[in-house]
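Residue-level structural notes
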Amino acid sequence: MHQKGRTFKALAREGGFLKMRGVKVVPARLRCGLFFFMWIIQSTAVVDGAGTHQGIPPQVVKLWASAFGGEMKSIAAKYSGSQLLQKKYKEFERSVRVEEIDGLKLVKRLAENMEEMFCKKAEAMKRLVEAAEEAHLQHEEDPNLQYEYFNAVLINEQDEDGNSVELGGEFILQPNDHFNNLSVNLSLSVVQVPTNMYNKDSAIVNGVYWSEALNKVFVDNFERDPSLIWQYFGSAKGFFRQYPGIKWTPDEHGVIAFDCRNRKWYIQAATSPKDVVILVDVSGSMKGLRLTIAKQTVSSILDTLGDDDFFNIIAYNEELRYVEPCLNGTLVQADVTNKDHFREHLDKLFAKGIGMLDRALTEAFELLSDFNQTGRGSVCSQAIMLVTDGAVDTYDAVFAKYNWPDRKVRIFPYLIGRESAFADNLKWMACANKGYFTQISTLADVQENVMEYLHVLSRPKVIDQEHDVVWTEAYIDSTLPQAQKLEDNQGPVLMTTVAMPVFSTKNETKNKGILLGVVGTDVPVSELLKTIPKYKLGIHGYAFAITNNGYILTHPDLRPLYEEGKKRRKPNYSSVDLSEVEWEDKDDELRNAMVNRKTGIFSMEVKKTVDKGKRVLVLHNDYYYTDIKGTPFSLGVALSRGHGKYFFRGSVTVEEGLHDLEHPDVALADEWTYCNTDEHPEHRYLSQIEAIKLYLSGEQPHLKCDKELIQEVLFDAVVTAPIEAYWTSLALNKSENSDKGVEIAYLGTRTGLSRINLFVVPDQLSNQDFLTAEDKEGVFNADHFPLWYKRAAEQVPGTFIYSLPFNTGSENKSVVLASTAIQLLDERKSPIAAAVGIQMKLEFFQRKFWTASRQCAALDGKCSISCDNDDINCYLIDNNGFILVAEDSSLTSVFFGEAEGAVMSKLLTMGSFKRVTLYDYQAICRIYAESSDSSSSLLDPYFAFFAAVKWLLTELVIFLVEFNLYSWWHSDFTAKAQRDGRTMLVPCDTEYPAFISERTIKETTGNIGCDDCNKSFVIQQIPSSNLFMVVVDNKCTCRDFGPITMDPIEIMYIL
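What comes next is a walk through the structure. Just so you know, these numbers come straight off a predicted model, no measurement behind them. (Residues numbered from 1 in each chain as written. Predicted model: local features only at pLDDT ≥ 70, side-chain atom pairs only at ≥ 80, totals over all residues. Heavy atoms only, no water.)

This part covers the overall build of the chain. Each helix and strand in the chain was counted, giving 31 helices and 37 strands. Sequence-distant contacts, at least 24 apart, represent 74% of the contacts inside the chain between residues at least 6 apart. For the chain, the accessible area works out to roughly 43,900 Å², and carbon and sulfur atoms hold 50% of it. (Helix = DSSP H or I, 4+ residues; strand = E, 2+ residues; numbered from the N terminus. Contact = heavy atoms within 4.5 Å. Areas by Shrake-Rupley, 256 points an atom, 1.4 Å probe, with all protein chains shown as cover.)

Spelled out as C-alpha cells, the structure:
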C-alpha cells in the first residue's frame, strides 16, 4: 500500500516546518506588519464605557428594529407561502415515518454501487485485451506490408485536385449527444501517430493492421454498456487507436505532440511501482549542448514517473550533490508538485570538474537499500538511471558489492552525445544489471529513447502474464481532441481512466516479455456522482472518494480550476490531498484510515465555507468510510448531526403524485439521477419527469430508476401543490405588490423538487441568473443543496435568513433573498422537509429599512433621533457581518469591519461576533514575476527562510519606524517587477477569517475610548431574522483604529 510521500507544504502542516502568516494575497503588498501594529494599538485603546452616548437611545433603535423586522417577516411569509407549506406538511405528519440514517450501511451500499459500475468498465477492457492478444497471436509480421488505414489527422482531407490524401479517405462523422455533440463515427476507430514518427513505418503498419480487430470489440462494448465513452489502445510502437473515430487537428505549427506512451494511464499499466535514483553527470565534459540534452533527458524520465513511484536526483563530478539538498538521503513521491520542484533545480546545474561515477553509484545503491528498508518505497522495482557522456570503467566492484548476484536494481545508462568511445562500458553495465543502454545524440531523440526503459521494467509483468487493472487519479487530459473541443464549450472535464496491459502471447516471445501496449477507457467523475443519492445525505452531507495515495478523486470542496478564467487548470489540481480539504483532521486519522482501506466511523467539528468562501457554517460531522473493492479507491460519506442524520418517508398514490408532478412550475434537480437515462440510447432524450412517468407506467422494463427517490418526490409534489394556486392568486391580485418589489417566490424540497413563481415578467427581473444553471450555488447540484436552502436550515425555525448575493452586480440590479426552512416536526431531531423564499429588489428592501428608522414613540411626533441625522450612521448587517443597507450605497455587500473597524473590534471583544480562522490549501496567489525562474523561489526552502527572517525583523520594528523599513525592504524585492507590471498566479496556502454572530445576544450597547473622544454605538437584532441594526456615533471618527478585513494571508513554511 502506497501512502502519500509528503511535499514541503504537507510536512510543514504536520509540524515539521514553522508556519507563518506571511503575505497578503490581494493586493500583493505585504501587510502583516500593519496588522501587528493595529493589534497593539487596539489592545490598548478598546475600553468599556459605563453607558452609551446619550444621542443613541437603545429603546428607539429597538423600536426601529422591531418595526422593520415585523414588516419584512410579514412580506417574506406572505409572498413565499411559508405558513401554508408548513401547514401542509403538518397535515401529513402522522402518515410519514422518520428514520435515522445508518451511515455505515449507507456507505457500504454506495461502495457496492460504485464497485459494480467500475467492474463493468474493467470487464470491457478485459474483452479488449483478449481480442488484442488473439489478433497479435494470429498475425505474422510482414516488413513489406502495405495497408491503408484511417489516420486521425488525414481523414476527410483532400489534395489540390480534390482527391482524398493517402491514409485519409472519406470518414463519416456525425454529432452524437452522448459524446457531447462532437462529430464521431460509432462504427470505426481512427489511428493517431505522433508527428515525429513515420506514418507508414513497418512496425506501425503491422500494429495498425492486426489491431483493426479491436473495432468489433469497441462497438460490442459500447452496445453492452452505453455509458462507456472513449475507448482506446495505446501501442508500445507509439500509435494510438481511438473509438469512436474523431478527427484530430494539429496545432498552429502543424504538430501533434500527443504520445500515448507518455500518458499516466499507459505508464501505470505498463510497469509496476518503482524506486528510481537518477544520476546526472555534471563533469566538465558535459558543458554546452550535452548538459542541455541531459537536463531534458532527466525531465523526460520524470514525466514517466507516477504517484506510486519514488525518486531522487543526484548530480556528480568529483563531488556528490543532491539536486534538492533538503532531501538528502531519501526518496520522494513522484507527484506533480515534487517533480516540478526538482525541475526548477535542474536549471541550476552547471558542468565542471571530473566525473567520479564510482562514488555516485555507491551513493545510489545505499540510498535505494536504506529507503527500501523503511518500508515506505514502492517495494516492487528499483532502478538507477545514469545520464552521462561516458564511463572510464565498468565498476565491477561496486556492482559485486551492492547488486550481485540478485540484481534487484536495474541499471539504465543514457549516453549523451554522438561519441561512442565509452559506449561499451555503459552497455556492459546495462547487460550485467538487467537494464537497457540508450544513446541520445540530439534533443529530438530524447523522448523516444527515454521510453525504452518502460518496456524493460514491464517484462516481469509480461512473463508472469499479470493483467492488472489500474485506475488513475482524477485528471484532465487536454491533449486529446475531444477534450480540447469540450474545453472550448464547457470547460475541462475531470476523469479517471481504467487501463490494462496487452502482452505478446506468441511462444517464441513469451520469455522475452514483450509489451504490445495498453487499453483504456475514461470514466468522468460526474459518472461517480450519479451513483450517489444526494437526498439520502441530507442538506450538508456529501460523499467523497480518494486514491490509495490520499489524493481526492471526488469531493465537493475540490477546486481544480482557477477562479479567474474558469477553463484553466491549477498546476497541482490532480494531487490535492484529503488533508487539504478536511483540514480540521489535524492528525490525519480519517485520511490514514481511508488510505489503508479500512471501514469505520470518525467524527469532528468542521467549518464549512459557503457563498464563495465568504461565509462559514460550523457543523459537527460524522464520517463513514470503506474501500471500493477492485479499485485503489476508498469512499467516504459525511453526515452532519441534527437534522442531517434523519430522513422521512411519505406515501401518496402514484396517480396523485404524477398529477402534481406534471405541473409546469415543477422542476427536478438536473444533476440528480431519478432515472438512468444514459444507459440506453432510446432514453437519452427523456427529461427526468418523462422518465419517471414512463417508469411508473411499467412499459419500459429496461429503464432503471431509484424507486425510493421517486416515491418521495411524488409525495413532495402532492404536499407542495397547493402553493402554486396560492402564488397565482397573489400574482393576479393587482393591489398586491404594486411597486413590484417582490420578484420571485421559490421553493425546494429534500428530493430536489423545486417550484418557482414570477411576480414580474422575466425581462424585469433584477437578477436574471438566480435559480438558473448560471447560478451554481443557487440550484440543486450533484454534490450540494442550494446555498439559500443550506443557510435556511441552520436558522432558528420560523425565522427568515436574508442575504445579498455577491455576484448580482451594480446596485440597481442587486437583490435580497429571504428564505426559511420548513421542518416536518417540532422536535429537535426533525428532518428539514423543504425551504421557501422570495427574491426582492434591494432598493425595495432598503426603502423599508429607512422608513422604519424614521419612526419614534414621541407623542408629539418630534423624534429626538433619526437615521437622517448627520451625527449617526445607520447600518443593517447580517449574521456574518456583511452590510445590506448603509447611507453610503458603495458599502453595500462590504464587510462591516472595513467600514467601522473600531465598532467591529469592540463587537468581537464583547462576544457579539466571533472570528473563525479558516485555511485554504488550494488557493492561488498573485505574485510579481521578477525573472523566468522566479517561481522557483516559492518552493526554495532557503528563499522561504530568508523571507521568514525578513518578516520577523520587520514585525519587531515596524511600529517604531512608521513602516519605513518595511517599505524599503519590500521594494527591494519587488520594485523591479512592479515597474515591469508582470504578475503570475501560483498555488499557495492561505489563512483568512470569517465572522459569525452570537445567537444569544439580542442587543448590545458600547463605548470605544479613542484618543480625543468616545465613540458610542447600539446594535439591535432584527426580530425573526439573521439581521442586526447598528447605529454608530458619527461625531467621533476614532481614526486610530484601522479596518478589519477578510483578506487572506499567505502561509509561509520554513525549515
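So, about the sheet that holds strand β31 (residues 883-886). Within a sheet, neighbouring strands are paired by backbone hydrogen bonds and run either parallel or antiparallel to one another. Here five strands make up an open sheet; going across it, the order is β31-β30-β36-β35-β34 and the pairing antiparallel. In this open sheet, the two strands that pair with only one neighbour each are β31 and β34 (1003-1009). Here the strands of the sheet are splayed against their neighbours by 20° on average, with no regard to which way each runs. Of the strands in this sheet, β30 (872-878), β31 and β36 (1027-1033) are in contact with helix α26 (residues 842-852), which crosses β31 at around 60°. (Pairing = 2+ DSSP bridges. Axes fitted to C-alpha atoms, helices over the stretch in contact; angles between N-to-C directions.)

With that settled, the discussion passes to the state of the cysteines. Counted according to the given criterion, the structure contains five disulfides. Paired through a disulfide, Cys867 and Cys874 show a sulfur-sulfur distance of 2.0 Å. An S-S torsion of about -95° defines the bridge between Cys867 and Cys874 as left-handed. For Cys867, a relative accessible area of 2% gives the class buried. (Disulfide = S-S within 2.5 Å. Buried < 20%, exposed > 50% of the residue type's maximum accessible area, 1.4 Å probe, protein only.)

Helix α23 (residues 707-720) packs onto helix α21 (residues 654-661) with a crossing angle of 65° between their chain directions and a minimal axis gap of 8 Å. Classified by the angle their axes make, α21 and α23 are roughly perpendicular. Read as a crossing pair, α21 and α23 show a hand that is left-handed. Touching Val654, Glu656, Gly657, Leu658, Asp660 and Leu661 of α21 are Leu714, Ala717 and Val718, all from α23. For the contact of α21 with α23, the per-class residue count stands at six nonpolar, one polar and two charged. (Parallel < 35°, antiparallel > 145°, perpendicular 65-115°, else oblique. Left-handed = near helix turned anticlockwise from the far one by under 90°. Nonpolar A, V, L, I, M, F, W, Y, C, P; charged D, E, K, R; others polar.)

Glancing now at the sheet that holds strand β25 (residues 742-749). With respect to topology, six strands assemble into an open sheet ordered β24-β26-β25-β29-β28-β27, the strand pairing being antiparallel. With partners counted over all chains shown, the strands left at the sheet margins are β24 (666-668) and β27 (801-803), one partner each. Along the sheet, successive strands turn relative to each other by an average axial angle of 20°, direction set aside. In this structure, β27 lies alongside strand β28 (residues 815-823), joined through three bridges in antiparallel fashion. By the bridge assignment for β28, Tyr802 is matched with Ala818.

Another aspect to go through is the pairing of strand β18 (residues 542-546). Across the five residues of β18, five count as buried, placing the element largely inside the fold. The two faces of β18 match: Tyr542, Phe544 and Ile546 on one face and Ala543 and Ala545 on the other face are all buried. The pairing of β18 with strand β19 (residues 552-554) spans two bridges and is classified as antiparallel. The partner of Ile546 across the bridge, within β19, is Ile552. Linking β18 back to β19 in an antiparallel pair, the connection comprises five residues, with Gly550 at a positive phi of about 85°.

All told, the structure shown has 52 aromatic pairs when counted by the stated rule. On the numbers, 5.7 Å between centres and 45° between planes, the contact of Phe179 with Phe222 is tilted. Of this pair, Phe179 sits in the loop between β3 (174-176) and β4 (182-184) while Phe222 sits in helix α7 (residues 214-224), placing them 43 residues apart in sequence. Each member of the pair, Phe179 as well as Phe222, carries the same accessibility label: buried. Note on Phe849 and Trp850: the rings are 5.0 Å apart at their centroids and 75° apart in plane angle, and the pair reads as edge-to-face. Ring-pair connections join several aromatic residues into one group, and the members of that group are Trp672, Tyr674, Tyr746, Phe770, Phe780, Phe785, Trp788 and Tyr789. Over the aromatic face of Phe647 sits the side chain of Lys536, whose NZ or CZ is 5.6 Å from the ring centroid. (Phe/Tyr/Trp six-rings, centres within 6.5 Å; stacked < 30°, edge-to-face > 60°. Lys NZ or Arg CZ within 6 Å of the ring centre and 35° of its normal.)

Applying the stated rule across the entire model yields 44 salt bridges. With a closest N to O distance of 2.5 Å, Arg343 and Asp303 form a salt bridge. Of this pair, Arg343 sits in helix α10 (residues 336-346) while Asp303 sits in helix α9 (residues 289-303), and the two are 40 residues apart along the sequence. Judged by its relative accessible area of 38%, Asp303 falls in the partly exposed class. A salt bridge links Asp611 to Arg615, with the nearest nitrogen and oxygen atoms 3.0 Å apart. In this structure, Asp611 and Arg615 share a single accessibility class: buried. (Salt bridge = Lys/Arg side-chain N within 4 Å of Asp/Glu carboxyl O.)

The peptide bond linking Tyr243 to Pro244 adopts the cis configuration, its omega dihedral lying at -5°. Among the structural elements, Pro244 can be located in the loop between β7 (240-243) and α8 (264-270). The step from Trp404 to Pro405 runs through a cis peptide bond, and the omega angle for that step is 5°. Mapped onto the elements of the fold, Pro405 is located in the loop between α12 (396-402) and β13 (409-416). Even without being glycine, Lys612 reaches a positive phi, approximately 60°. Counting through the fold element by element, Lys612 comes out in the loop between β20 (600-610) and β21 (615-627).

On to helix α4 (residues 82-91), then. For α4, the set of buried residues is Ser82, Leu85 and Tyr89. When α4 is viewed along its axis, its buried side chains cluster within an angular range of 65° and face the same direction. Those residues of α4 that are exposed and angled more than 90 degrees off the buried face are Gln83 and Lys87. (Arc of directions from axis to C-beta.)

Here the focus is the environment of Ala852. Within the secondary structure layout, Ala852 lies in helix α26. It is 8.5 Å that separates the C-alpha atoms of Ala852 and Leu63, two residues lying 789 residues apart in sequence. If we skip the residues at most four places from it in the chain, Ala852 touches Trp64, Ala67 and Phe68.

Within the largest apolar cluster, 205 residues are counted, with the highest numbers of intra-cluster contacts made by Tyr89, Tyr802 and Phe845. Ranked by residues supplied to this core, first place goes to helix α5 (residues 103-138) with 14 residues. In contact with Phe845, not counting residues within four places along its chain, are Phe68, Met72, Tyr802, Val816, Met840, Leu876, Leu884, Val885 and Leu1027. (Core = buried A, V, L, I, M, F, W, Y, C linked by side-chain atoms within 4.5 Å.)

Attention shifts here to the pairing of β28. In terms of burial, β28 is largely enclosed, as nine of its nine residues are buried. Pairing of β28 with strand β29 (residues 832-841) involves nine bridges; the strand directions are antiparallel. Pairing of Gln823 across the sheet is with Ile832, part of β29.

With that settled, consider a negative patch on the surface. A grouping of Glu140, Glu141, Asp142 and Glu508 is seen on the molecular surface, where their side chains present a negatively charged patch. When you line up the elements, Asp142 lands in the loop between α5 and β3. (Patch = residues over 30% accessible without salt bridge, like charges linked within 9 Å, V, L, I, M, F, W, Y side chains within 5 Å. Lys, Arg positive; Asp, Glu negative; His and termini not counted. Charge placed at Lys NZ, Arg CZ, Asp CG, Glu CD.)

By the secondary structure assignment, Thr505 is in the loop between β16 (495-503) and β17 (515-524). Look past the residues within four positions of Thr505 in its chain and what remains in contact with it is Glu133, Leu137, Gln465 and Lys510.

With that out of the way, let us pick up the environment of Arg791. Tracing the backbone shows Arg791 in helix α25 (residues 787-793). Beyond its immediate stretch of four places on either side in the chain, Arg791 contacts Arg615, Ile801, Tyr802, Ser803, Asn879, Asn880 and Asn1026.

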